[in-house]
Amino acid sequence: MSGEPLGDEAYEGLLGLLGEVTPVIEALPPDAALADVRGALRYFRRDAVGLAELVRVRALARYGVDCTIGVAANPLLARMAAQAGPTGAAGAVRTVPGDPEAVAGFLARKPVSTLLGVGPATARTLRSYGLDSLERIAAVPQATLQRILGASAGRRLHERACGIDPTPVTPNAPARSIGAEHRFDHDELDPDQRRRALLTLAHEIGTRLRTEGQVARSLTLTVRYADRSTTTRGRALPEPTAHTPALTSAAYALHASLALQRARVRAVSLRAEDLIPAELASRQLTFDDPAEEKSRHIEAAADRARARFGGGAARPAGTLRAA
């Protein structure tokens, strides 16, 4: 299931809708999920495409969400099928037939960057060897890829380029989370602009967490590129927090770890995860950093100003006007 970014309530509703069809659901926040429907085919007397159409109709009727659903023999191909349409296209059911020739034809001319797990750095390395499409990667001996990328990564890349994905759909319970996204007006190459966007998102998330009396124990960054591929990185926070500077620092560190360099970035999103009530969290006190306590006092005062005069009453310098 894939589509426009969803609010938490709508996303949880759509997961519940999938649960009416199959219990084998793997949530992929903020706006996607995998579902294994093999056990539901006989019960509903429909094939997988028929079940996908049923889910689309119910999602549109109940939540006004026009989903895009990929149907294929494994999670990798289903994800790629869902993302295969033109940018901005309306929802649809997109299918990859199960026979090897159809799978090879579907993958053949796709750029290497569309493959799950291939980030900008790996894509550049592969292109330097002339391996710029999945067709070429599939034609190269696995041992060659292992020499370029390492044994495990080379084997995994070769399997995926051939449409092989043994990963099962793992049922999970999505953690309560709060997220925000910024879409750039154009493909953004400037890292400073991306950092400003991350500051804006961290400010928005921190404000929402404090307003709701929550703190986050981890933070996840998702970067969406011009070719519609994405990279996601997450990390546990040193301590549960809703403090905007702490969230911003973690977001900057995640961004730096991607080493994007000249990547053409379409959008960035942050998601605070593993939320718990603020009163249940402990915080390490320090007497060596008065600036930290001063920052928290200023933040509390700014929160009071926003509650009284609106969200634009106080915000960190350097944020973008629209997140």
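Coordinates for the structure precede this section.
Owing to the predicted nature of the structure, the values given are computational and were not obtained by experimental measurement. The residue numbers shown here count from 1 along each chain, following its written sequence. Given that the model is predicted, a residue must reach a pLDDT of at least 70 before its local features are reported, and side-chain atom pairs must reach 80 or more before they are shown or counted; all residues, however, enter totals for whole chains, interfaces and linings. Side-chain numbers here rest on the full set of heavy atoms in the structure, without hydrogens or water.

### Quick notes on the overall build of the protein chain
Logical step 1: Helix and strand content of the protein chain: 12 helices and 9 strands.
Logical step 2: Split into buried and exposed, the 323 residues of the protein chain put 43% on the buried side.
Logical step 3: The Shrake-Rupley method, run with a 1.4 Å probe sphere, supplies the accessible areas, and residue values consider only the shown protein chains as cover. In the form shown here, the protein chain has an accessible surface area of approximately 17000 Å², with 52% of it arising from carbon and sulfur atoms. Only DSSP runs of H or I covering at least 4 residues are called helices, and only runs of E covering at least 2 are called strands; the numbering of each starts at the N terminus. Per-residue accessibility, obtained with a 1.4 Å probe over protein chains only, is compared with the maximum for each type, and a residue is labelled buried under 20%, exposed over 50%, and partly exposed between these values.

### Overview of the nonpolar core
Logical step 1: Counting residues in hydrophobic clusters, the biggest one holds 32 residues, and the most contacted among them are Leu 209, Leu 219, Val 268 and Leu 270.
Logical step 2: Contributing elements (two or more residues each) for this core: strand S5 (178-188), helix H10 (191-211), strand S6 (214-225), helix H11 (244-257) and strand S8 (265-273).
Logical step 3: The element best represented in this core is H10, accounting for 7 residues.
Logical step 4: Contact between two residues is taken to exist if any of their heavy atoms lie within 4.5 Å; hydrogens are not considered. If we ignore the near neighbours within four places in the chain, the residues touching Leu 219 are Arg 233, Gly 234, Arg 235, Leu 237, Leu 247, Ala 250, Ala 251, Leu 254, Leu 270, Arg 271 and Ala 272.
Logical step 5: Residues enter a nonpolar core if they are buried and are Ala, Val, Leu, Ile, Met, Phe, Trp, Tyr or Cys, with the set joined through side-chain atoms within 4.5 Å. With 23 residues, the next largest nonpolar core counts Val 37, Ala 52, Ala 59 and Val 65 among its residues.

### Notes on the environment of Asp 303
Logical step 1: Of note, Asp 303 is situated in helix H12 (residues 290-309).
Logical step 2: Placed 92 residues apart in sequence, Asp 303 and Thr 211 show a C-alpha to C-alpha distance of 8.2 Å.
Logical step 3: Contact partners of Asp 303, with chain neighbours within four places excluded, come to Thr 207 and Arg 210.

### Re the pattern of salt bridges
Logical step 1: When a carboxyl oxygen of Asp or Glu lies within 4 Å of a side-chain nitrogen of Lys or Arg, that pair is called a salt bridge. Evaluation of the coordinates by the stated rule reveals 9 salt bridges.
Logical step 2: Residue Asp 66 pairs with Arg 56 through a salt bridge whose shortest N-O separation is 2.5 Å. Of this pair, Asp 66 sits in the loop between helix H3 (48-63) and strand S3 (69-71) while Arg 56 sits in helix H3, and the two are 10 residues apart along the sequence.
Logical step 3: Across the pair Glu 181 and Arg 183 runs a salt bridge whose closest N-O atoms are separated by 3.1 Å.
Logical step 4: You can call Glu 181 partly exposed: its relative accessible area is 22%.
Logical step 5: Several salt bridges converge on common partners, so that one network encompasses Glu 20, Arg 58 and Arg 62.

### Quick notes on the pairing of S8
Every other side chain in a regular strand lies on the same face of the sheet, so the side chains alternate between the two faces.
Logical step 1: For S8, a buried count of 8 out of 9 residues is recorded, marking the element as mostly surrounded by other parts of the structure.
Logical step 2: Whether two strands pair comes down to DSSP finding at least two bridges between them. In the sheet, S5 pairs with S8 via 7 bridges, with the strands oriented antiparallel. Each bridged residue has a counterpart across the sheet, and for Glu 188 the counterpart in S8 is Val 265.
Logical step 3: Strand direction decides the pairing type here: S6 and S8, joined by 8 bridges, are antiparallel. Counterpart to Arg 224 in the pairing with S8 is Ala 267.

### Points about the packing of helix H8 (residues 142-149) against helix H9 (residues 151-161)
To characterise two packed helices, one gives the angle between the axes of the helices and the distance between these axes.
Logical step 1: For helices, the axis comes from a line fit to the C-alpha atoms of the stretch in contact; other axes are also lines fit to C-alpha atoms, and the angle between any two N-to-C directions lies between 0 and 180 degrees. One way to put it is that H8 packs onto H9 with a least axis distance of 7 Å and a crossing angle of 135°. Of the possible angle classes, the one that applies to H8 and H9 is oblique. Helix-helix and strand crossings are classified by hand; for H8 and H9 the assignment is right-handed. Side by side, H8 and H9 meet where Gln 142, Leu 145, Gln 146 and Leu 149 of the first sit next to Ala 151, Ala 153, Gly 154, Arg 155, Leu 157 and His 158 of the second.
Logical step 2: Amino acid classes used here: Ala, Val, Leu, Ile, Met, Phe, Trp, Tyr, Cys and Pro are nonpolar; Asp, Glu, Lys and Arg are charged; the rest, including Gly, are polar. For the contact of H8 with H9, a count of residues per class yields 5 nonpolar, 4 polar and 1 charged. Any angle that falls under 35 degrees is termed roughly parallel, while one over 145 is termed roughly antiparallel, one within 65 to 115 roughly perpendicular, and all others oblique. The crossing is said to be left-handed when, going from far helix to near helix, the turn is anticlockwise and less than a right angle, and right-handed when the turn is clockwise.

### So, the side chain of His 158
Logical step 1: If you trace the backbone, His 158 turns up in helix H9.
Logical step 2: Note on His 158: relative accessible area 16%, which makes it buried.
Logical step 3: Think of a polar contact as two N or O atoms within 3.5 Å of one another; within protein, one of them needs to be a possible hydrogen donor and the other a possible acceptor, and neighboring residues in sequence only count if both atoms come from side chains. There is a polar contact of 3.2 Å between the side chain of His 158 and the backbone oxygen of Val 140.

### Focus: the environment of Arg 156
Logical step 1: Mapping Arg 156 onto the fold places it in helix H9.
Logical step 2: It is 9.4 Å that separates the C-alpha atoms of Arg 156 and Gly 117, two residues lying 39 residues apart in sequence.

### Re H3
Logical step 1: Given a rise of 1.5 Å per residue, 16 residues ought to cover 22 Å, and the 22 Å separating the end C-alpha atoms of H3 matches this to within 8%.
Logical step 2: After H3 finishes, the residue Gly 64 shows a positive phi value of roughly 65°. Working rule for helices: expected span equals 1.5 Å times residues minus one.

### Describing unusual backbone geometry
With the exception of glycine, most residues fall at negative phi, and the peptide bonds are largely trans.
Logical step 1: Residue Pro 30 follows Pro 29 across a cis peptide bond; omega there is 10°.
Logical step 2: As for its position among the elements, Pro 30 is in the loop between strand S1 (25-28) and strand S2 (32-35).
Logical step 3: Phi at Arg 45 is positive, roughly 55°, even though this residue is not glycine.
Logical step 4: Mapped onto the secondary structure, Arg 45 falls in the loop between helix H2 (41-44) and H3.
Logical step 5: The phi dihedral of Asp 274 falls on the positive side, at around 55°, and the residue is not glycine.

### A few points about helix H6 (residues 120-128)
Logical step 1: Within H6 the residues assigned to the buried category are Pro 120, Ala 123 and Leu 126. For H6, the buried positions fall inside an angular range of 125° around the axis, keeping them on one side.
Logical step 2: Against the buried residues of H6 lie helix H7 (134-139), H8, H9, S6 and strand S7 (230-241). This arc corresponds to the set of directions leading from the helix axis out to the C-beta atoms.

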